[in-house]
Amino acid sequence: MEVKQLHEKRWLVIYTRPRWEKKVDGLLKQQGIESYCPVRNVENQWADRKKEVSFPLFNSYVFVRVSLREEAQVLYCMGVMGYVYYMQKPAVVRDEVIDEVKRNLTLYKDLEIINLQNISVGDRVLVKQGAFANHPGQVVQIQGKNVLMVFDNIHCALVTRIPFQHITINNLNQNNKNAAK
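Keep in mind it's a predicted model, so treat the numbers as computed, not measured. Throughout this document, residue positions are counted from 1 along each chain, in the order its sequence is written. Reporting in this predicted model follows two pLDDT cut-offs: at least 70 for local features of residues, and 80 or more for side-chain atom pairs to be given and counted; totals over whole chains, interfaces and linings ignore these cut-offs and use all residues. To obtain the side-chain values, all non-hydrogen atoms of the structure were used and water was disregarded.

Student: Would you explain the overall build of the protein chain in this entry?
Tutor: The helix count covers DSSP runs of H or I at least four residues long, the strand count covers runs of E at least two residues long, and both are numbered beginning at the N terminus. Scanning the protein chain for helices and strands turns up five helices and 14 strands. Per-residue accessibility, obtained with a 1.4 Å probe over protein chains only, is compared with the maximum for each type, and a residue is labelled buried under 20%, exposed over 50%, and partly exposed between these values. Taken across its 181 residues, the protein chain has 31% of its residues classed as buried. Of the contacts formed within the protein chain by residues at least 6 apart in sequence, a portion of 56% connects residues at least 24 apart. Only the protein chains shown count as cover for residues, and all accessible areas are computed by the Shrake-Rupley method using a 1.4 Å probe. Per element, the accessible surface of the protein chain, about 12300 Å² overall, is 51% carbon and sulfur. Residues count as neighbours in contact if any of their non-hydrogen atoms are within 4.5 Å of one another.

Student: Sorry, what's going on with the packing of aromatic side chains here?
Tutor: Note on aromatic pairs: each is described by the distance of the centres and the angle between the planes. Only centres within 6.5 Å qualify two rings of Phe, Tyr or Trp (six-membered ring in Trp) as a pair; their planes then separate them into stacked at under 30 degrees, edge-to-face at over 60, and tilted for everything else. Applying the stated rule across the entire model yields three aromatic pairs. Measuring from centroid to centroid gives 6.4 Å for Tyr36 and Phe63, while their planes differ by 25°, and the two rings are stacked. Of this pair, Tyr36 sits in strand β2 (residues 34-36) while Phe63 sits in strand β5 (residues 61-66), placing them 27 residues apart in sequence. An aromatic cluster is built from Tyr36, Phe58 and Phe63, whose rings are joined through pairwise contacts. The rule is short: NZ of Lys or CZ of Arg within 6 Å of the ring centre and within 35 degrees of the ring normal puts a charge over the ring. Its end group placed over the ring of Tyr36, Lys102 keeps NZ or CZ at 4.9 Å from the ring centre.

Student: So what exactly am I meant to see when it comes to the pattern of salt bridges here?
Tutor: If the charged atoms of two oppositely charged side chains come close together, the side chains can form a pair. Any Lys or Arg side-chain nitrogen found within 4 Å of a carboxyl oxygen on Asp or Glu counts as a salt bridge. Applying the stated rule across the entire model yields eight salt bridges. A salt bridge links Lys9 to Glu70; its shortest N-O distance comes to 3.6 Å. Of this pair, Lys9 sits in the loop between α1 (3-7) and β1 (10-16) while Glu70 sits in helix α3 (residues 68-75), and the two are 61 residues apart along the sequence. The partly exposed category is assigned to Lys9, whose relative accessible area is 33%. Here Glu70 falls in the buried class, since its relative accessible area comes to 17%. Between Asp48 and Arg49 there is a salt bridge whose closest N-O contact spans 3.8 Å. Under the relative-accessibility criterion, Asp48 is labelled exposed at 65%. The class of Arg49 is partly exposed, set by a relative accessible area of 44%.

Student: In this structure, what is going on with α3? I would like to understand it.
Tutor: Two residues of an α-helix separated by three or four positions point the same way, owing to the 3.6 residues in each turn. Of all the positions in α3, only Glu70, Glu71 and Val74 are classed as buried. Viewed along the axis of α3, the buried residues span an arc of 120°, placing them on a single side of the element. For α3, the elements touching its buried residues are β1, α2 (21-30), β5, β6 (80-83) and β8 (89-90). Summarising the geometry, the arc corresponds to the directions from the helix axis toward the C-beta atoms.

Student: What exactly am I supposed to notice about the pairing of strand β4 (residues 50-56) here?
Tutor: Consecutive side chains of a regular strand alternate in pointing toward one face of the sheet and then the other. When strand β3 (residues 39-45) meets β4, the two strands line up antiparallel, connected through seven bridges. Residue pairing across strands places Asn44 opposite Lys51, the latter belonging to β4. At least two DSSP bridges between two strands are required for those strands to pair. Counted along the chain from β3 to the antiparallel partner β4, the turn is four residues long.

Student: Before we go on, may I ask you to explain unusual backbone geometry in this structure?
Tutor: If a residue is not glycine, its phi is most likely negative; likewise, a peptide bond is most likely trans. Residues other than glycine seldom take positive phi values, yet Arg19 does so here, at roughly 65°. Secondary-structure assignment places Arg19 in the loop between β1 and α2. Even without glycine at this site, Gln88 takes up a positive phi of about 60°. By secondary structure assignment, the location of Gln88 is in the loop between β7 (85-86) and β8. Among the residues examined, Gln88 registers a relative accessible area of 74% and is labelled exposed.

Student: How should I be thinking about the nonpolar core in this particular structure?
Tutor: The tendency in soluble globular proteins is for nonpolar side chains to be buried side by side. What is meant by a nonpolar core is a set of buried Ala, Val, Leu, Ile, Met, Phe, Trp, Tyr and Cys residues, joined one to another through side-chain atoms within 4.5 Å. If you look at the biggest cluster of nonpolar residues, it comprises 15 residues, and the most contacted ones within it are Ile14, Leu28, Val64, Val66, Val74 and Tyr83. Going through the elements one at a time, β1, α2, β5 and β6 are the ones with two or more residues in this core. The contact partners of Leu28, leaving out residues within four places of it in the chain, are Ile14, Ile33, Ser35, Val64, Val74 and Cys77. Grouped together as the second largest cluster of nonpolar side chains are nine residues, Trp11, Tyr36, Phe63 and Val93 included.

Structural data, given as structure tokens:
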């Protein structure tokens, strides 16, 4: 192995414990390891005040720019679960991709990542916040970041669009009812 390869730095993706992204980012920086945890700022409303809170853009992922010699050191950081692999090797992210994420976060303040893999048409969901908070319904259609749903427990079929982040999957209750029959 060449000496150049040992010292050449590249961006890798690490998997962290849930909700430890910012903490891991800080711990790695304290150890002198270049890391990047992209965050988005959201204004949260409480009963008595409003506060801007920063959330990681990618849940449980942090980017690290390390050489081959530093790769093992990252794994010893508290909160790091391991590297994300692609084709049996740690996944490498091009510098341009990291620069693009940084640039887009400065240009677009409302940027967010939404995982739609866990929800599909026909799922029973519960609205977490908004006009229909705590009302169950069924997903009829997924339109980008909005979900078209039907509320059937108010004695009529009311159809509305709900932002994806305002619902939670509630299929467990439906499966339990079917098992009881």
